[in-house]
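# Residue-level structure breakdown
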Amino acid sequence: MNRRTIGTIAVAVALTCPWVVVASGIGVPPLSTLATVAVSGLSILGAAFLLAWAAETAEKDVPRAFAIAVLAVLAVAPEYAVDALYAWNAGQFAGTPRGIEAGNLAVANMTGANRILIGLGWSGIALFTILRRGSAADPAVEKRSGALADAVTIDRDIGLDVVFLLAATCWAFLVPFSGGIDALDMLVLVGLYVAYLVIVLRGDVDPDVVHTGVPAELQTLAKPLRIAAVIVLFAYSGLLIFTAVEPFAHGLEEIGVEAGIPAFFMIQWIAPLASESPELIVVAVLVSKTRSTAGFNALISSKLNQWTLLIGTLVVVYSIALGRYGALPFDQKQMGEIWLTAAQSFFAIAILINLEITVKEALVLLTLFVSQVLIEFVLIREYVDLPFSSYEFLLLYSAVYVVLGLTLFVRRRRQFRRLLGRTAGTIGSAFSTGEDRPSSADD
């Protein structure tokens, strides 16, 4: 490797070093909340760069979809940890007010994280991709005539993720009817993700992807050294993100509560926003390198694993803490939150049926998300008297998302059929060998 590459890696590692020292607890006095947020935040930034480089480097030896799936799991691992903590407390204190509150917080944190990933992640990255300087050099960006018509095109291979995400979303609409997240939810949702991983792992390595910067240099290493470098980068960045995000999120929560923001609102929105930050940073890095396709693959893969593994494993953590099997219970408000999250996911999937997202569609996603959060904040703080309850408000927004989604599905029914055909071809190809491999259906 050349000196520039070594120096670039050294800078990213240097950003993580202060947190390594603080986390070790050796000779370091307790930090203030603001200092903790600053040090852990810098560590997350450095680790996100290392994680992005590891994923890009790994694409030389494993299918890109699998490398991105690993990246997605590591980047959102802190969200799993935070949610697991609430699910554990719900089981430990089951039947008590504290246990009931913890169960509701587990669902609120999970739904908040999923809605942020689409409402801010998908829309924000799409707008950033199209509107940034140099976007004309990005092959994924299509400049079109008409107001807000420019679009980011998505790799056709991501159709597999979209179809699996649609299946998980359809199941999520049923979750509230059982009054809790139960074993059947776990079997279906975790089963979907395992099946997805099996398919992408059996895919082919893409030799045509051109990398630049650090990944390009790492890919020139001998295979044993390259694989070792990828493992070390994944392990180190994953560990840093896992340990730093919780203090970062809790620090932001404390600062917000001190500023008068309700604790429940902070746990549903600010903590998940903090835990999603590594993923958003990684995607921004990929987009800045004109790898928008890989960036969106990472976002969609993150949504898929959160919408399957995150929900499905909550009942496992709850049951272990409870000491026996039990469904993770939640109240009526959280039923509405799950329906709204599923409805937003349904609408977002409808947008991607034609494998692109325009400026207009990104703005609609962003506007609906931001307006919902702001109105819910107004309801929580009781700034004004509105003619509906918080639960009714969630149902109203869910209906808006579903109507918009159904409209797009009807208009794009031909593209949807082609998407299903390509996905069937991808699955068939994954489980076939040699001359028996079918081609994807494009018609």
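Cut-offs used in this document
- Residues numbered from 1 in each chain as written.
- Predicted model: local features only at pLDDT ≥ 70, side-chain atom pairs only at ≥ 80, totals over all residues.
- Heavy atoms only, no water.
- pLDDT = per-residue confidence, 0-100.
- Helix = DSSP H or I, 4+ residues; strand = E, 2+ residues; numbered from the N terminus.
- Contact = heavy atoms within 4.5 Å.
- Phe/Tyr/Trp six-rings, centres within 6.5 Å; stacked < 30°, edge-to-face > 60°.
- Buried < 20%, exposed > 50% of the residue type's maximum accessible area, 1.4 Å probe, protein only.
- Lys NZ or Arg CZ within 6 Å of the ring centre and 35° of its normal.
- Pairing = 2+ DSSP bridges.
- Salt bridge = Lys/Arg side-chain N within 4 Å of Asp/Glu carboxyl O.
- Expected span 1.5 Å × (residues − 1).
- Arc of directions from axis to C-beta.
- Polar contact = N/O pair within 3.5 Å; in protein donor to acceptor, adjacent residues only side chain to side chain.

## Points about the confidence of the model for the chain
A residue-level look at the chain finds 89% of positions with pLDDT of 70 or above and a mean pLDDT of 83. Mean pLDDT values for the elements of the chain range from 66 in helix α3 (residues 64-75) up to 95 in helix α12 (residues 332-352). The low-confidence segment residues 438-443 (pLDDT under 50) makes 15 contacts with residues lying over four places distant or belonging to another chain.

## Examining the packing of aromatic side chains
Applying the stated criterion to the full structure yields 9 aromatic pairs. The interplanar angle of 40° and the centroid separation of 5.7 Å between the aromatic rings of Tyr-193 and Tyr-196 together place this pair among those described as tilted. Of the two residues, Tyr-193 and Tyr-196 are both situated in helix α7 (residues 183-201); the distance of 3 residues between them amounts to about one turn of the helix. Like Tyr-193, the residue Tyr-196 is buried in the burial classification. Clustering of aromatic rings is evident, with ring pairs tying together Phe-164, Tyr-193 and Tyr-196. Above the plane of the ring of Trp-307 lies Lys-303, whose end atom (NZ or CZ) is 4.4 Å from the centre.

## Overview of the environment of Ser-345
Topologically, Ser-345 is positioned in helix α12. Considering only alpha carbons, one finds Ser-345 and Leu-117, 228 residues apart in sequence, at a separation of 9.9 Å. Sequence-distant contacts of Ser-345, defined by excluding residues within four places in its chain, comprise Ile-118, Leu-165, Thr-169, Lys-303 and Trp-307.

## Overview of the environment of Ala-271
Looking at the element boundaries, Ala-271 is found in helix α10 (residues 263-288). As a C-alpha pair, Ala-271 and Glu-246 span 25 residues in sequence and 8.2 Å in three-dimensional space.

## Considerations on the sheet that holds strand β2 (residues 151-153)
Strand order in the open sheet formed by 3 strands is β1-β2-β5, with antiparallel pairing between adjacent strands. Two strands bound the open sheet, and with one partner strand each, they are β1 (141-142) and β5 (356-358). Two elements, β2 and β5, share 3 bridges in a ladder whose sense is antiparallel. Residue pairing in the sheet places Val-152 in a bridge with Ile-357 of β5.

## A closer look at the pattern of salt bridges
Taken as a whole, this structure holds 7 salt bridges when the rule is applied. Glu-337 is the partner of Arg-115 in a salt bridge, and the nearest nitrogen-oxygen pair spans 2.8 Å. You can see Arg-115 sitting in helix α5 (residues 97-131) and its partner Glu-337 sitting in helix α12, a full 222 residues away along the chain. Of the two residues, Arg-115 and Glu-337, both sit in the buried class. Two residues, Arg-144 and Glu-142, come together in a salt bridge whose shortest N-O distance is 2.7 Å. Within this structure, Arg-115, Lys-333, Glu-337 and Glu-376 form a network of salt bridges that share partners.

## A few points about α7
Spanning 19 residues, α7 covers 26 Å between terminal C-alpha atoms, matching the ideal 27 Å at 1.5 Å per step. Those residues of α7 that sit buried are Asp-185, Leu-189, Leu-192, Tyr-193, Tyr-196, Ile-199 and Val-200. All buried residues of α7 lie within an arc of 125° about the axis, which places them on one face of the element. The residue sitting at the N-terminus of α7 and contributing the capping side-chain oxygen is Asp-182; that oxygen lies 3.2 Å from the backbone nitrogen of Leu-184.

## Overview of helix α15 (residues 413-430)
Compared with the 26 Å implied by 1.5 Å per residue over 18 residues, the 26 Å span of α15 between its first and last C-alpha is a close match. Among the residues of α15, those classed as buried are Phe-416, Leu-419, Arg-422, Thr-423, Gly-425, Ser-429 and Ala-430.

## Things to note about the side chain of Thr-341
Assignment of secondary structure puts Thr-341 in helix α12. A distance of 2.7 Å separates a polar atom in the side chain of Thr-341 from the backbone oxygen of Glu-337. Ignoring any residue separated from it by four or fewer positions in sequence, one finds Thr-341 in contact with Thr-111, Asn-114, Arg-115, Lys-303 and Trp-307.

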